[in-house]
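# Fold and contact review
Letter by letter, the chains look like this.
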Amino acid sequence: MFNADLLISAKVQDFIKLATKKKMDALQVSTQLAKEFSNEERAAIMDYMALVPKFREKFGIEKTAFLLCDKLALEQSTAQDIGRWKSTLWERARQAKRNGYSETAPVVHDLCCGMGGDSFFLPKELTAIGVDLDENRLAMYRYNSCVMRGVSPEASKAHTILADVREVAHQNVSESAPLSQRKADYFTIDPARRAIEGENQRDLRNLTPTFEEVIEISKHYKGGMAKIPPGYPICEIPRSTEILYIGSRTDCRECLVLFGELAKNPDHVRAVMVDKTGNEIANWTFARDEKREARNESEQSQYDHNYELEGRDRVYRTSSSESDLPLGGISKFIAEPAPVLLRSHLFGVVALAHDETTHLISPGIAYVTSEKPLPAPAFANYEILESSEISTGAVRAMLKSHDIGKLTLKLRGVKVDPDQEIKRLKPKGKNAATLFYTRLDGEKIAILAKRHEV
């Protein structure tokens, strides 16, 4: 049972500081807590203690600072790198008061607010109000607003609304009304998409509220942003919006749909790569492609399928993606698109803009090959050394001829356990290389390559 008053009490927080300083183990913590707290309280405190280092790292706060959350609320919240970059999307809202567009600070409804992650890094010029159906989440939001946004405890009580977000939006005065009659200018929403703790919904459309309802909600504000799963079908996102895919060099973490005034580039798709502190590394923007979006659902789900391959130590994921790139044979280089380009389906146009010889070697598999290396960080490039069929003898001979001893195995379109496969190949040599198990025009192929730094 979540107990906000217990977790934010000075007694509990002082104990956590002491336990951290003394590096107490779980048994020592449990023993000490048993002296003053009930079994239920002790369990709640210990569960919370496990989250403390995680939320400090996720949001970049001081090692002695506390936020209020539970495991699920923390998992669902936007981390500091994405949150800090997203704050730049509110520039038009920030300018509203200075330009005389509004007499007071613009108000943002944080719909389905949870613990408040989408409000933490909003510009200070904006007033954020959390809306949720769960009083525990609102207690988290109020406490965390004091820590992250400097809101006073007294004022924070007025910064939450216990209600269905659809009703709150409906009661917000329509976009055509005078500004003086409006209750909130903008919105941000992260629809619920998890059935149980730690388990993502497989059905991308299983959102609460539904994306259709989010579209209706958007009509009651001057602008806003909605977070949806990165694999959500683009064809179902309305025109006049801007679609953003945001991630790091190694993953795609969010898909955002920008509405109204926040849509700086309406009818465009943008892929953005950020570093650990939220600084933009690169971005790519292209107009929406109706031809690509017109693919029927069965084809799209095939292209977007992710295989999960269980290795001994971890789970490997391989991806496939739709692209308009032509098909062809193996060229001099093979490249992996950055995850944000893969998810946004922009990797083909980015590649062709740099090298018109770029093509796929098999339909639906997002390895591209070209006569010259493609631009980083959009692509990770590898110079091809040799290729062979996927058979133990052929691959071992290829490794031996290039004196390969250290091997990295990458997979797309082929299911094997990478750890076991490398162990079975028994590479022995002085050189390092990357081995791709993939397909050439549908047939399995092994490609040996070395990393090429552009």
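As shown above, the structure is provided for reference.
It should be emphasised that the depicted structure is a prediction, and the values quoted were computed from it without experimental measurement. (Residues numbered from 1 in each chain as written. Predicted model: local features only at pLDDT ≥ 70, side-chain atom pairs only at ≥ 80, totals over all residues. Heavy atoms only, no water.)

### Topic: the pattern of salt bridges
Applied cut-off: The rule for a salt bridge is simple: a side-chain nitrogen of Lys or Arg has to be within 4 Å of a carboxyl oxygen of Asp or Glu. The way it works is that DSSP assigns letters per residue, a run of H or I at least four long becomes a helix, a run of E at least two long becomes a strand, and they are numbered from the N terminus.
A complete count under the given rule lists 16 salt bridges for this structure. Of the charged contacts in the structure, one is a salt bridge between Glu 336 and Lys 410, with a shortest N-O distance of 3.3 Å. Here the residue Glu 336 occupies a position in strand β14 (residues 333-337), and Lys 410 occupies one in strand β18 (residues 404-411), the gap between them amounting to 74 residues. In the salt-bridge network here, residues are joined through shared partners; they are Lys 86, Asp 118, Asp 190, Lys 227 and Glu 254.

### Considering the sheet that holds strand β1 (residues 107-111)
Our working definition: At least two DSSP bridges between two strands are required for those strands to pair. Lines fitted to C-alpha atoms define the axes here, with helix axes fitted over just the stretch in contact, and angles between the N-to-C directions of these axes take values from 0 to 180 degrees. In what follows, residue pairs with any heavy atoms lying within 4.5 Å of each other are defined as contacts.
If you trace the nine strands from one edge of the open sheet to the other, you get β3-β2-β1-β4-β7-β9-β8-β10-β11, paired in mixed fashion. The open sheet terminates on both sides in strands that have one partner only, identified here as β3 (160-162) and β11 (280-287). Between one strand and the next, the sheet's axes are offset by a mean angle of 20 degrees, whatever the strand orientation. Bridging between β1 and strand β2 (residues 127-132) involves five bridges; their strand directions are parallel. Within β2, the residue paired with Val 107 across the bridge is Thr 127. Taken strand by strand, helix α12 (residues 211-218) contacts β1, β4 (186-189), β7 (223-228) and β9 (252-260), and its axis lies near 40 degrees from that of β9.

### Some thoughts on helix α4 (residues 39-59)
Here is the rule: Helix span is expected to be 1.5 Å times the residue number reduced by one. When accessible area is computed with a 1.4 Å probe and restricted to protein chains, residues below 20% of their type maximum are described as buried, those above 50% as exposed, and intermediate ones as partly exposed.
Helix length check: α4 (21 residues) gives 30 Å between terminal C-alpha atoms against 30 Å at 1.5 Å per residue, within 8%. Among the residues of α4, Ala 44, Ile 45, Tyr 48, Met 49, Leu 51, Val 52, Phe 55, Arg 56, Lys 58 and Phe 59 are the ones counted as buried. After α4 finishes, the residue Gly 60 shows a positive phi value of roughly 65 degrees.

### Observations concerning the environment of Asn 144
Within the secondary structure layout, Asn 144 lies in helix α9 (residues 135-149). The residues contacting Asn 144, other than those within four sequence positions of it, are Leu 67, Leu 68, Met 115, Phe 120 and Arg 149.

### Quick word on the environment of His 345
Checked against the element boundaries, His 345 lands in the loop between α15 (339-344) and α16 (347-354). For the pair His 345 and Asp 289, spaced 56 residues apart in sequence, the C-alpha separation works out to 10.0 Å.

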